[in-house]
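Observations on the model geometry
What follows is each chain in one-letter form.
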Amino acid sequence: MKPWKKGLALLLMGMSLLSLGCGNAQQSAAPKEKTLDEQVDDIVSSMTTTEKVGQMVMIGVQGTEVSDDSRYMLHQYHMGGVILFDRNMESAEQTQKLIADLQDNAEEKVPLFIGVDEEGGAVVRGKSFITPPESQQAIGRTGKIPAAEESARRTGEQLKKLGFNVNFAPVADVGNYERAFSADAKQAAKFVEAATQGYEEARMMYALKHFPGIGRGTVDSHQDISSITASKDELMEKDLVPFKTIIDERQPEDYFILVSHLKYPALDPDHPASLSKNIQTGLLRDELGYRGLIITDDVEMGALAKHYSFRELGVRAVEAGSDIVLVCHEYPHETDVYLGLLDAVNDGTIPMERIDESVHRIVKAKLLHRQS
């Protein structure tokens, strides 16, 4: 039994034993139950540095079952999350078993985040056994806002049954392309809001992407970096509207915000969003008031991988404000990101207080969303 499941079982056993006592409330008062934040503090303080750093990396694995390589990544580096792709998913039964085996092999104090990209349209996984959602653009063009809620709820319920606890959707970008609900900011925000409601009804964590918005982009981040030349006022009045709507209305523990690899010179002339303290900490945390989890887009994309080493990418992202660094494909790259972060913590480049800040957010979200 996993440690976090044992803890829950022991808590329930203790409550049962108390109920079988002699009834003398004055002599055998039940111990005060710890608050969620106190439970989180206990877990974080019990973690080693290597365990804490591992929580801040989410990786892709190869194959359709747990292998020696993927097991090593989980045991040696304590990776805190796994994202699955079609290369990992052959059938419902096989995917369900893979997810359960990954959780069993994690050997951590909290469960893994297990995520997938099930946006709709061209970006879907497991089409043979997961009903593919319509594209966000197709849903938006109906003008029926409840359709976004229904689609997200249906998708979330299917993913939940397989064992996923994170879907990297909805896209909160504003633009006239298949992945976005609308080129009108207010309309896009209404559909994004409805989608978040659907995921929450399914008890599925979700991820708004790609902050601060890639709807104006002209270059695929998988290939190389590009810039959004809009002014800050233009970004605030259009691109950021769906993100701000959700930040103002939803509980921060229920979702991620995924940051893009594009540059926004009006916000930071030197760094892409995923490596920008101005954007992640200054804008997203301080100005917009977001208190939830920040995750990078896949750092193996050409926009970053062509310009930085993997050893430095994780460090730069965490220094900017990221809680989790996403590395989707190659084990050597995932290892380099982890070891780069670990070295930076050990030599004091990243203070332990900064690591604890992220790990506290991660553990709290995991406790709130763990499978029953």
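Residues numbered from 1 in each chain as written. Predicted model: local features only at pLDDT ≥ 70, side-chain atom pairs only at ≥ 80, totals over all residues. Heavy atoms only, no water.

1. Examining empty space enclosed by the protein
A water-sized probe, rolled over the atoms, reveals where empty space remains. Threshold: A pocket, in this scheme, is an open set of points on a 1 Å grid over the protein atoms alone with protein on both sides within 12 Å along at least 5 of 7 lines, while a cavity is a set where a 1.4 Å probe fits but cannot get out; residues line either one if an atom lies within 4 Å of a point. Grid points are joined across faces, edges and corners, and a volume is the space filled by probe spheres set on the points. In DSSP terms, a helix is any run of H or I states spanning at least four residues, a strand is any run of E spanning at least two, and both are numbered starting from the N terminus. Classes in brief: Ala, Val, Leu, Ile, Met, Phe, Trp, Tyr, Cys and Pro nonpolar; Asp, Glu, Lys and Arg charged; the others, Gly included, polar.
Under the counting rule described, the total for this entry stands at one cavity of 30 Å³ or more. Space inside the largest cavity adds up to approximately 90 Å³. Along the wall of the largest cavity there are 15 residues; nearest its centre are E119, Q136, S151, A152 and Y199. Secondary structure elements with two or more residues in the lining of the largest cavity: helix 6 (136–142), helix 7 (145–162) and helix 8 (185–201). If you tally residues by element for the lining of the largest cavity, the top one is helix 7, at four residues. Split into classes, the residues belonging to the lining of the largest cavity amount to nine nonpolar, three polar and three charged.

2. Considerations on the packing of aromatic side chains
Defined as follows: Stacked, tilted and edge-to-face are the three classes applied to pairs of Phe, Tyr and Trp rings, where Trp contributes its six-membered ring and a pair requires centres within 6.5 Å; stacked means planes under 30 degrees apart, edge-to-face means over 60, and tilted covers the rest. Buried means the residue's accessible area, taken with a 1.4 Å probe over protein chains only, is under 20% of the maximum for its type, while exposed means over 50%, and partly exposed covers the values in between. The criterion is that NZ of a Lys, or CZ of an Arg, lies within 6 Å of the ring centre and within 35 degrees of the ring normal, and then a charge sits over that ring.
Counted by the stated rule, this structure contains nine aromatic pairs. Aromatic pair Y72 and Y77: ring centres 5.7 Å apart, planes at 90°, arrangement edge-to-face. Plain terms: the ring middles of Y255 and Y290 are 5.5 Å apart, the flat faces sit at 35° to each other, and that makes the pair tilted. With Y255 in strand 6 (residues 255–259) and Y290 in the loop between helix 11 (277–287) and strand 9 (293–296), the pair connects residues that are 35 residues apart, well separated along the chain. Neither Y255 nor Y290 differs from the other in exposure class; each is buried. Chaining the aromatic ring pairs together yields one cluster made of Y199, Y206, Y255 and Y290. Lying over the aromatic face of F113, K366 brings its terminal NZ or CZ to 4.9 Å of the ring centre.

3. Notes on the confidence of the model for the chain
The condition that has to hold: Note on scores: pLDDT gives the predictor's confidence for each residue, bounded by 0 and 100. Here, two residues are considered to be in contact whenever any of their heavy atoms come within 4.5 Å of each other.
Model confidence for the chain is summarised by a mean pLDDT of 90, while 88% of its residues fall at 70 or above. For residues 8–27, every residue scores under 50 in pLDDT, and the model assigns this stretch three contacts once sequence neighbours within four places are set aside.

4. Regarding the pairing of strand 3 (residues 113–116)
Side-chain positions along a regular strand alternate between the two faces of the sheet. Condition: Here a strand pair is declared whenever DSSP counts at least two bridges between the two strands.
Here strand 3 shows no split at all, with F113 and G115 on one side and I114 and V116 on the other all buried. Judged from the two bridges that link them, strand 3 and strand 4 (residues 166–167) form a sheet pairing that is parallel. The residue bridging V116 from the neighbouring strand is N167, located in strand 4.

5. What to know about the sheet that holds strand 6
Stated formally: Here an angle of 0 to 180 degrees is reported between the N-to-C directions of two axes, which are lines fitted to C-alpha atoms, with helices fitted over the stretch in contact.
One open sheet accounts for eight strands, arranged 9-6-5-4-3-2-1-10; its pairing is parallel. Pairing within the sheet leaves two strands with one partner each, and these edge strands are strand 9 and strand 10 (325–327). The strands touched by helix 10 (residues 241–249) are strand 5 (205–211) and strand 6; relative to strand 5, the strand with the most contacts, the crossing angle is about 145°.

6. Some thoughts on helix 13 (residues 310–320)
Looking at helix 13, one finds that the buried residues are F310, L313, G314, V315, A317, V318 and A320. Contacts made by the buried residues of helix 13 are with helix 11, strand 9, helix 12 (302–305), strand 10, helix 14 (331–346) and helix 15 (352–369).

7. Observations concerning the side chain of N88
Definition in use: Whenever a nitrogen or oxygen atom comes within 3.5 Å of another N or O atom, the pair is scored as a polar contact, on the condition that within protein one atom can donate a hydrogen and the other can accept it, and that pairs from neighbouring residues in sequence are kept only if both atoms are in side chains.
Within the fold, N88 resides in the loop between strand 2 (81–84) and helix 5 (92–106). Assessed through its relative accessible area of 0%, N88 is described here as buried. At 2.9 Å, the side chain of N88 forms a polar contact with the backbone oxygen of V61. Those residues in contact with N88, other than ones at most four positions away along the chain, are V61, Q62, G63, T64, I83, Q94 and L98.

8. Points about the nonpolar core
Threshold: As used here, the term nonpolar core means buried Ala, Val, Leu, Ile, Met, Phe, Trp, Tyr and Cys residues forming a set that is joined through side-chain atoms within 4.5 Å.
Core analysis: the biggest nonpolar cluster contains 106 residues, and L84, F113, F164 and F211 have the highest contact counts within it. A per-element tally of this core places helix 14 first, with seven residues. One finds V174, A185, A189 and V241 within the second-largest nonpolar core, a separate group that totals five residues.

9. Some remarks on the environment of E134
Here E134 shows up in the loop between strand 3 and helix 6. Residues E134 and S151, spaced 17 residues apart in sequence, show a C-alpha to C-alpha distance of 7.9 Å. Those residues in contact with E134 that lie beyond four places of it in its chain are E119, G120, G121 and I139.

10. Examining the side chain of R125
Along the chain, R125 falls in the loop between strand 3 and helix 6. In this structure R125 comes out as buried when scored by relative accessible area, which is 16%. There is a polar contact of 3.4 Å between the side chain of R125 and the side chain of D117. Every residue in contact with R125, bar those within four places of it in the chain, is listed here: F85, D86, M89, V116, D117, E118 and I130.

11. What about unusual backbone geometry?
With an omega dihedral of 5°, the bond running from K209 to H210 counts as a cis peptide bond. Of the consecutive residues F211 and P212, the connecting peptide bond is found in the cis state with omega at 0°. Secondary-structure assignment places P212 in the loop between strand 5 and helix 9 (232–239). A positive phi angle, close to 55°, is found at H78, a residue other than glycine. Position of H78 relative to the elements: it lies in the loop between helix 4 (68–77) and strand 2. Among the residues examined, H78 registers a relative accessible area of 16% and is labelled buried. Of note in this structure, R203 is not a glycine but carries a positive phi near 55°. Position of R203 among the secondary structure elements: in the loop between helix 8 and strand 5.

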